[in-house]
Amino acid sequence: MWKKIFILFSIIQLSVLPGEEVARKVQFPVMGTVAAFDFTGEAEDMPELFAAGKSCFEKVTAIANLHKVDSELSRLNATADQKPFICSPELYRLLQDARRAWIDSNGAFDISAKPLMDLWGFYRKHRRSLPQAEDIAGVLRKVGLEKVKFNDELRSVYFTVKGMQLDLGGIAKGYAVDRAAESVQKKLSRGIIDLGGNLRLFDHSCRSRRVGIRDPLDGGRLAGVITVGNGAVSTSGGYEKFVTYNNKRYCHIIDPASGLPAEKFLSVTAVTANAVDADWMSTAVFVRGSVLAQNLIKKYPGTEFYIYKESEKLPGWELIHVKQPYF
Ligand code: ADP
Ligand code: MG
């Protein structure tokens, strides 16, 4: 699998004196993708910190994995249209982040888009036919977070329309990265947590790192290099997960307003404080574009977007960089 984001210039220290800091890396498969930790701290803490970070990912997998029928989200999807489903505190917290994402993106990020994901067949790779307009219109009746009733006191979720379903695929990885960062960062002087291109960087001395953004038209190249201190980076693109029909690619990010796959952009990279926000914001801006990006940078100071779209004039891409103006 091509990586969407590359970390440049990480340090590897080979010989260690007692009490001296070391840089250690580990990589492992999880949540249908690859995770990597790159930590700098005391050598003796490393095994415990790697295990703590990994266990945060496993916890979120047990909650949000739709490929497992017994995950908490699968159980919610199976019954929440019949009676309110009482969530664990962790699932409810994740759902509240997703609800905030829906509000702040004006509906571009909507975890209730799952019936559309099913209709378009994004859990397969190839299609024999495309969904018809009437199929899409029928499924859209089951989409829209306004049709989901949340009860904060009971931590319960109820679908007011039969057949509704939730999919946390556009936010759960970022959420898991934040939980892992919280559990390890006090004992480290610096580190990078990468879960399938959802990055969180932290450094107690506030040094920045260089992060490369993959060229959306040529996976072997970088489209740009950005500098990130303490913060998070996430990229959403149409180049990795898609279905093909008649040689045309349909990407796995859906516009919940039209029910059609988003196709205005090649990729969107969001840079912001938390990984959960970077994750949903890159997905939402991939759907809606720079007007939403402008609203988000006002609401979330310090946030920036790198929006790549196919150039209208030349073969290749062009970049729209949305950031707060310098005064
Ligand atoms: P990736 O999973 O490749 O990192 P994203 O973070 O952009 O990519 O998330 C895409 C996933 O989000 C889809 O696979 C699907 O599970 C879900 N999704 C698709 N469209 C939307 C949407 N409009 N709002 C919320 N989630 C979405
Ligand atoms: Mg995302």
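Anything mentioned here points back to the structure above.
Parameters and conventions
- Residues numbered from 1 in each chain as written.
- Chains lettered and ligands numbered in written order.
- Predicted model: local features only at pLDDT ≥ 70, side-chain atom pairs only at ≥ 80, totals over all residues.
- Heavy atoms only, no water.
- Near = heavy atom within 4 Å.
- Polar contact = N/O pair within 3.5 Å; in protein donor to acceptor, adjacent residues only side chain to side chain.
- Areas by Shrake-Rupley, 256 points an atom, 1.4 Å probe, with all protein chains shown as cover.
- Nonpolar A, V, L, I, M, F, W, Y, C, P; charged D, E, K, R; others polar.
- Helix = DSSP H or I, 4+ residues; strand = E, 2+ residues; numbered from the N terminus.
- Expected span 1.5 Å × (residues − 1).
- Buried < 20%, exposed > 50% of the residue type's maximum accessible area, 1.4 Å probe, protein only.
- Contact = heavy atoms within 4.5 Å.
- Donors = N, O, S within 2.8 Å, 3.2 Å for Na, K, Ca; no water.
- Pairing = 2+ DSSP bridges.

A.B. asks: Would you take a moment to explain the site of ligand 1 for this structure?
C.D. replies: The immediate surroundings of ligand 1 are formed by 17 residues, with D167, S236, H252, I254 and T283 found nearest. Residue D110 places a main-chain N or O atom 2.9 Å away from a nitrogen atom belonging to ligand 1. Interatomic distance of 2.8 Å between a side-chain N/O atom of T283 and an oxygen atom of ligand 1. Within the complex, 95% of the 560 Å² of free accessible area of ligand 1 lies under protein. Taken together, the residues of the shell around ligand 1 sort by class into six nonpolar, five polar and six charged.

A.B. asks: For this particular structure, what's the right way to read helix 6 (residues 172-184)?
C.D. replies: The first and last C-alpha atoms of helix 6 sit 19 Å apart over 13 residues, in line with the 18 Å expected at 1.5 Å per residue. Counting buried positions along helix 6 yields 11 of 13 residues, so the element is predominantly enclosed. Within the span of helix 6, buried status applies to A172, K173, G174, Y175, A176, V177, D178, R179, A180, A181 and V184. Residues of helix 6 that are buried sit in contact with strand 3 (33-42), helix 1 (46-64), helix 3 (89-104), strand 7 (188-195), strand 8 (198-203) and helix 7 (275-288).

A.B. asks: How should the coordination of the magnesium ion (ligand 2) be read in this particular structure?
C.D. replies: Tetrahedral coordination by four donors places them ideally at 109.5 degrees to one another around the metal; octahedral coordination by six donors ideally gives 90 or 180 degrees. Coordination of the magnesium ion (ligand 2) by the protein involves D279 (O), D279 (OD) and T283 (OG1), with metal-donor separations of 2.2 to 2.3 Å. Residue D279 and its partner T283 are both found in helix 7; the two are separated by four residues, about one turn of the helix. When its relative accessible area of 5% is taken as the criterion, D279 is described as buried. Residue T283 is classed as buried on the basis of its relative accessible area of 13%.

A.B. asks: Got a minute to help me understand the pairing of strand 9 (residues 209-215) in this structure?
C.D. replies: Regular strands place side chains that alternate from one sheet face to the opposite one. In terms of residue burial, strand 9 counts as a mostly covered element, since six of its seven residues are buried. Bridge count between strand 9 and strand 10 (residues 218-228): seven bridges; the pairing is antiparallel. Among the inter-strand pairings, G212 is bridged to a residue of strand 10, identified as V225. Where strand 9 folds back onto strand 10 in an antiparallel hairpin, the turn is made up of two residues.

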